[in-house]
Amino acid sequence: MGCKTAAYFPAIVCYTASMTNASTDREKMLTALILDWYRREGRRLPFRGTKDPYLIWVSEIMLQQTRTETVGAYYLRFIDRFPTVQALAGAEEQEVLKLWEGLGYYSRARNLHRAAELVVAEYGGRLPASAEALQRLPGIGPYTAAAIASIAFDQPVPAMDGNLQRVLSRLYLVEEDIGIPSVKRRLYQLGQGLMPRQGAGDVNQALMDIGATICLPGTPDCGRCPLQRHCKAYHQGEPELLPRMQKKKPPREVPVAVLLLTHQGRVLVQQRQQALLRGLYTYVLLEDVEGQQEAQMHLRCWGLPHATLRELATARHVFTHRVWQMTLYHAELTEAETGQAMLPHGQWVTAEQMHTLPFPTAMRVAVQWADTLLEKAPAPAQMPRGADADSAL
Ligand code: SF4
């Protein structure tokens, strides 16, 4: 695959000669500065240096909501297993989710997989080149579409994420709330003005790098910034106050009881059907259930009056809109109890089988506990009576 950085940064002259018609002399000069800086200082990342739209697409999806340093290893593993859109389209969703394990926001993986199937079925295996057409694919929003279109296809569209919004609002001293649609549109136009006819992808990536490493949300490191001389917020004296935006509501705290129900070296897991973490595996989760007594009541309702929960640990996981405050419990069930109640999409698995299934990061502490518990009891040759892939407990 073509992740090589050699000869990737083209000479600046290519860009300065071919800006879009609407760009002013000032914008052309800024673009030249940005590209010159990028050629010298841009980050060398595992997913840069390629024009392959599929590879750029995979990396951009991974980069949504995930730190750049984290993405590198996942990206390399993913494209090693799925080097082409055809390979991804032909894979089972569970395998895609397994490779995504730990990255979070699993709807990205499901959408990427679904979109790969569409690209193969409806676009002959080639990603469309325009940002508009790209947005018709699942999981590709305006930012990702612009990133792919500019990097892979040289389309002069700004990839407006938080980094670009921050840099542009400071560079041009945009003091209004950037959540207001008209202000967003203005920032987009300012970004558009910096796009050259060729090399828009490099301008986008340069601005992302400046935003991620220099023009930071807290205190910008203006002394290292190639735009310092021309930055209005810097000259005004308080760049750290920009961009302005309304504070988001804090995520809702949800108590969750995580039940590790075991029987002779197997643990009960369940494949989630809910929108949050759909397709991934967890142990038995009781959302909005607080305290051992309440969790115990659920066991009674399932016809398990004698199964006693023992508290193991607590853990916390932050999603975008909610925080799971988890309490982990364990109960070793008798063989009769395993068949007592039915749980859709559940299955009893050994530790070995458990590690082949995709689990979300939210379950990390629980997985460690399950490992510890399962090691204590050797796995039987047979599944417990009444328990099968779709209907255990
Ligand atoms: S000079 Fe400072 S505030 Fe202005 S763009 Fe550069 S880092 Fe950001």
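Predicted model only: the values in this text are computed from it and were never measured.

**Some thoughts on the overall build of the protein chain**
Then comes step 1: Within the protein chain one finds 17 helices and seven strands.
Then comes step 2: For the protein chain, with 393 residues in total, the buried portion stands at 39%.
Then comes step 3: Restricting to contacts in the protein chain with at least 6 residues of sequence separation, those with at least 24 account for 69%.

**As for the site of the ligand**
Then comes step 1: Close to the ligand lie 14 residues; Cys-215, Cys-222, Cys-225, Cys-231 and Pro-239 are nearest.
Then comes step 2: Of the residues forming the shell around the ligand, the biggest block, three residues, is contributed by helix α10 (residues 162-171).
Then comes step 3: For the shell around the ligand, the class distribution of residues is 12 nonpolar, one polar and one charged.

**Some points on helix α12 (residues 200-213)**
Then comes step 1: Spanning 14 residues, α12 covers 20 Å between terminal C-alpha atoms, matching the ideal 20 Å at 1.5 Å per step.
Then comes step 2: Three or more residues of α12 are buried, namely Ala-200, Gly-201, Asp-202, Val-203, Asn-204, Gln-205, Ala-206, Leu-207, Met-208, Asp-209, Ile-210 and Gly-211.
Then comes step 3: Buried residues along α12 sit in contact with α2 (25-41), α9 (142-153) and α10.

**A look at the pairing of strand β2 (residues 266-271)**
Then comes step 1: Looking at chain direction, strand β1 (residues 252-263) and β2 are connected through two bridges and run antiparallel. In the strand pairing of β2, His-263 is matched with Arg-266.
Then comes step 2: The antiparallel pairing of β1 with β2 creates a hairpin that spans two residues between the two strands, and Gln-264 there sits at a positive phi of about 45 degrees.
Then comes step 3: Pairing geometry for β2 and strand β3 (residues 281-282), over two bridges, is antiparallel.

**Some details on the pairing of strand β6 (residues 322-332)**
Then comes step 1: Two strands pair when backbone bridges link them, and β1 and β6 are joined in this way by 11 bridges, in the parallel orientation. In the strand pairing of β6, Glu-253 is matched with Val-323.
Then comes step 2: Hairpin connection between strand β5 (residues 310-318) and β6: a loop of three residues separates the two successive antiparallel strands.

**Looking at the nonpolar core**
Then comes step 1: Membership of the largest hydrophobic core comes to 101 residues, with the highest contact counts inside it found for Ile-148, Val-258, Leu-259, Leu-260 and Tyr-283.
Then comes step 2: When residues in this core are grouped by element, the largest group, eight residues, is from helix α3 (residues 53-63).
Then comes step 3: Taken domain by domain, the makeup of this core includes at least three residues from each of domain 1 (13-241) and domain 2 (252-376).
Then comes step 4: With residues near it in sequence (within four places) discarded, Leu-259 still touches Tyr-283, Val-284, Leu-286, Ala-295, Tyr-329 and Ala-331.

Definitions and limits used
- Residues numbered from 1 in each chain as written.
- Predicted model: local features only at pLDDT ≥ 70, side-chain atom pairs only at ≥ 80, totals over all residues.
- Helix = DSSP H or I, 4+ residues; strand = E, 2+ residues; numbered from the N terminus.
- Buried ≥ 20, exposed ≤ 12 C-beta atoms within 10 Å, placed from the backbone.
- Contact = placed C-beta atoms within 7 Å.
- Near = placed C-beta within 6 Å.
- Nonpolar A, V, L, I, M, F, W, Y, C, P; charged D, E, K, R; others polar.
- Expected span 1.5 Å × (residues − 1).
- Pairing = 2+ DSSP bridges.
- Core = buried A, V, L, I, M, F, W, Y, C linked by C-beta atoms within 7 Å.
- Domains from an automatic or database assignment.

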